[in-house]
Amino acid sequence: WGRWKRDTFRTARAPSHSRVALPPSPSLKLIMAAMTLAAPVALAPARFSKVVRRRSAVTGKVTPASASRGAVQVRAAIAMPNPGTPVTYNETGKWRETFDLAAWASEVRAVEKELKADIDQDDVKHLNKILTWANAFYFGGLAILFATPFLTNAFNAIGGVNPIAAFCMSTAICARWTMVGHHVCHGGYNTAQSENGVVTGRFHRRTFAKGLARRITDWMDWMMPEAWDVEHNHLHHYQLGESADPDLVERNMTPLRTGKLPMIARYGQVVGLALIWKWFYYAPNTMKEMYGRREREAKKNGEDFENPFKTGELPSTVATVAAGAFKGQFAALVETAKCFAPYATFQFAVLPAVGYAVGGASMAGAVLATSILADVMTNIHSFIIIATNHVGDDIYRFETETKPRSDDFYLRAVIGSANFRTGGDVNDFFHGWLNYQIEHHMFPDISMKQYQIAQPKIKAICEKHGVPYVQESVWKRVVQLADVMVGKRNMLVWERGD
């Protein structure tokens, strides 16, 4: 596993000749300005080459960043990553002085074993219920959209845009990603959807949303499911908070955090990003990670393959793809267009065409405008419940690696994540089931129903052993996210003794 992880996941170790960063250009600046994003966007894997990550624990000396949190000179054994190595704990790290990692992990593993043994057809029925809710929102939104002009002229003053229909469609699009696609692609229903190694149901990660036809019927969004699987299910999930985590917000926002823009302009960029982040950053960057993985595997096998997304250590966005096209590099543009095509064609061409057939040009325009509004809404919704999961001045990041499924891995899932308010299918539905982020990063391959069972048990175990368990309103976590993005707050660093 270790060799496979190094060869497959560690983007930072790719050969230097395959990681040539695009130099700034006037066209790139114009595009970025048009998108209201003067600095690289959040969640973008800008792994700056000047930053050196050391594998050994930091010992003794308190750094200025640590001192600012009120360091307390305490010599004790660090539980991770090198047992027995003395470390200086800060005020925020005092809980680590007597923490017994092995005992805590033993109880956690017992819960995991119990949860996985309990996954059956009831979990699949629960998933189908959530999918039914999502479909009801989407097709209900379409029904409202097409029926409203025949019932009232209430929305004529705003060009026929129907915010009620847009909200319903937006909620459904978010639900299909964060609940259905997310948990199925993690393998949360594999045991109930296979028998003797043979896939027996729709919701198995081996077949779900794979290929164009299944993408259309299972989960159609801006992202290509296969690319998202590489970026999220592997790079992010199993390297949470590490330098190789493509979603490490504090590092990714370094240009904005350390720039000279006034705070109000920085917060403005955060708002601008929330409106467009799925298609502007997330989709093209997942493609970059997928092709980067293929390039590394090809070179390992002595084959020729070139990643068309040539942004080096910087993220791939619509802006960098367009800038490359202006320089005559069209490969990334072609791949991005192919990635966007199914979702964009249906939402912004097929639906307006139906509107034209039903009510002429005016309805076609209203349908298009409503579809655009729905996409903006689902960008905002998903940004609020996704980008907030692993960031804040009470959340840890890590300068060292750990092994998947190790005791350290489970601990990092807890102290590197934040939960929102949990409990009840309605509450969990509107949180995209991402309000169980702690339990999800501990046990990625269990069902949504099992997370509801796991949460109070894991929280109780953490309280028993003194492990910080962050759970707050999603709105408080949005404040934490924005403050870290603009440089007002800093995350905790495990190796510094926080």
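Quick notes on the rules
Residues numbered from 1 in each chain as written. Predicted model: local features only at pLDDT ≥ 70, side-chain atom pairs only at ≥ 80, totals over all residues. Heavy atoms only, no water. Helix = DSSP H or I, 4+ residues; strand = E, 2+ residues; numbered from the N terminus. Buried < 20%, exposed > 50% of the residue type's maximum accessible area, 1.4 Å probe, protein only. Contact = heavy atoms within 4.5 Å. Areas by Shrake-Rupley, 256 points an atom, 1.4 Å probe, with all protein chains shown as cover. Phe/Tyr/Trp six-rings, centres within 6.5 Å; stacked < 30°, edge-to-face > 60°. Lys NZ or Arg CZ within 6 Å of the ring centre and 35° of its normal. Axes fitted to C-alpha atoms, helices over the stretch in contact; angles between N-to-C directions. Parallel < 35°, antiparallel > 145°, perpendicular 65-115°, else oblique. Nonpolar A, V, L, I, M, F, W, Y, C, P; charged D, E, K, R; others polar. Salt bridge = Lys/Arg side-chain N within 4 Å of Asp/Glu carboxyl O. Patch = residues over 30% accessible without salt bridge, like charges linked within 9 Å, V, L, I, M, F, W, Y side chains within 5 Å. Core = buried A, V, L, I, M, F, W, Y, C linked by side-chain atoms within 4.5 Å. Expected span 1.5 Å × (residues − 1). Polar contact = N/O pair within 3.5 Å; in protein donor to acceptor, adjacent residues only side chain to side chain.

In this section: the overall build of the protein chain. Each helix and strand in the protein chain was counted, giving 18 helices and six strands. When the 498 residues of the protein chain are sorted by exposure, 56% land in the buried category. Long-range contacts, defined as pairs at least 24 residues apart, comprise 75% of the intrachain contacts of the protein chain with a sequence gap of at least 6. Surface accessibility of the protein chain: about 20200 Å² in total, with carbon and sulfur atoms responsible for 62%.

For the rest of this paragraph, the subject is the packing of aromatic side chains. Taken as a whole and judged by the stated rule, the model has 29 aromatic pairs. An angle of 45° between the planes, with centres 6.5 Å apart, marks the rings of Trp222 and Trp279 as tilted. Residue Trp222 is found in the loop between helix H7 (211-218) and helix H8 (225-236), and its partner Trp279 is found in helix H11 (residues 263-300); the two are separated by 57 residues along the sequence. Of the two residues examined, Trp222 and Trp279, each falls in the buried class. In this structure an aromatic cluster arises from ring pairing among Trp222, Trp279, Phe280, Phe340, Tyr343 and Phe348. Above the ring of Trp494, the side-chain terminus of Arg96 is found at 3.4 Å from the ring centroid. The residue whose ring lies beneath Arg176 is Tyr138, and the NZ or CZ to ring-centre distance is 4.5 Å.

A few words on the packing of helix H5 (residues 121-151) against helix H17 (residues 448-465). Taken N-terminus to C-terminus, the directions of H5 and H17 make an angle of 105°; their axes are 8 Å apart at the nearest point. The orientation of H5 relative to H17 falls into the category roughly perpendicular. Within the contact between the two elements, H5 uses Asp122, Asp123, His126, Leu127 and Ile130 and H17 uses Met448, Lys449, Gln450 and Gln452. A class-by-class count of the residues in the contact of H5 with H17 yields three nonpolar, three polar and three charged.

A few words now on unusual backbone geometry. Phi at Arg405 takes a positive value of approximately 70°, unusual for a residue other than glycine. Positionally, Arg405 belongs in the loop between strand S5 (396-397) and helix H14 (407-415). You will see that Trp433, though not glycine, has its phi angle at about 60°, which is positive. Structurally, the position occupied by Trp433 is in the loop between helix H15 (425-430) and helix H16 (437-442).

Under the counting rule described, the total for this entry stands at 25 salt bridges. Here Arg405 and Asp445 are joined by a salt bridge, their closest N and O atoms 3.5 Å apart. With Arg405 in the loop between S5 and H14 and Asp445 in the loop between H16 and H17, this residue pair connects regions lying 40 residues apart in the sequence. Taking the relative accessible area as the measure of exposure, Arg405 reaches 25% and is therefore partly exposed. For Asp445, a relative accessible area of 22% gives the class partly exposed. A network of salt bridges, in which partner residues are shared, links Glu250, Arg257, Arg397, Glu399 and Arg496.

A cluster of nonpolar side chains, namely Phe150, Leu151, Val350, Val354 and Val358, defines an oily patch on the protein surface of about 490 Å² accessible area. Where the nonpolar patch is concerned, the elements lending two or more residues are H5 and helix H13 (331-386). The element contributing the most residues to the nonpolar patch is H13, with three residues. Checked against the element boundaries, Val354 lands in helix H13.

What follows deals with the nonpolar core. Core analysis: the largest hydrophobic core is formed by 115 residues, its most contacted members being Trp104, Phe383, Leu411, Met442 and Val467. Of all the elements, H11 adds the most residues to this core, at 13 residues. Residues in contact with Met442, not counting those within four places in the same chain, are Trp104, Val108, Arg405, Phe409, Tyr410, Ala413, Val414 and Ile458.

Here H5 contains 31 residues, and its C-alpha end-to-end distance of 43 Å stays within 8% of the 45 Å for a straight helix at 1.5 Å per residue. The N-capping residue of H5, defined by a side-chain oxygen 2.9 Å from the backbone nitrogen of Asp122, is Asp120.

Along the chain, Thr92 falls in the loop between strand S2 (86-90) and helix H4 (101-117). Taking the C-alpha atoms as reference, Thr92 lies 8.6 Å from Asp394; in sequence the two are 302 residues apart. Each residue touching Thr92, except ones within four places of it in the same chain, is listed here: Tyr396, Leu492 and Asp498.

One can find Asp218 in helix H7. Only 3.0 Å separates the side chain of Asp218 from the side chain of Arg202, close enough to count as a polar contact. Of the polar contacts made by the side chain of Asp218, one reaches the side chain of Arg214; its length is 2.6 Å. Filtering out sequence-adjacent residues up to four positions away, Asp218 remains in contact with Arg202, Thr207, Phe208 and Ala209.

Structurally, Thr378 can be placed in helix H13. For Thr378, a relative accessible area of 0% corresponds to the buried category. A distance of 3.4 Å separates a polar side-chain atom of Thr378 from the backbone nitrogen of Cys174. When neighbours within four sequence positions are excluded, Thr378 is seen to be in contact with Ser170, Ile173, Cys174 and Lys278.

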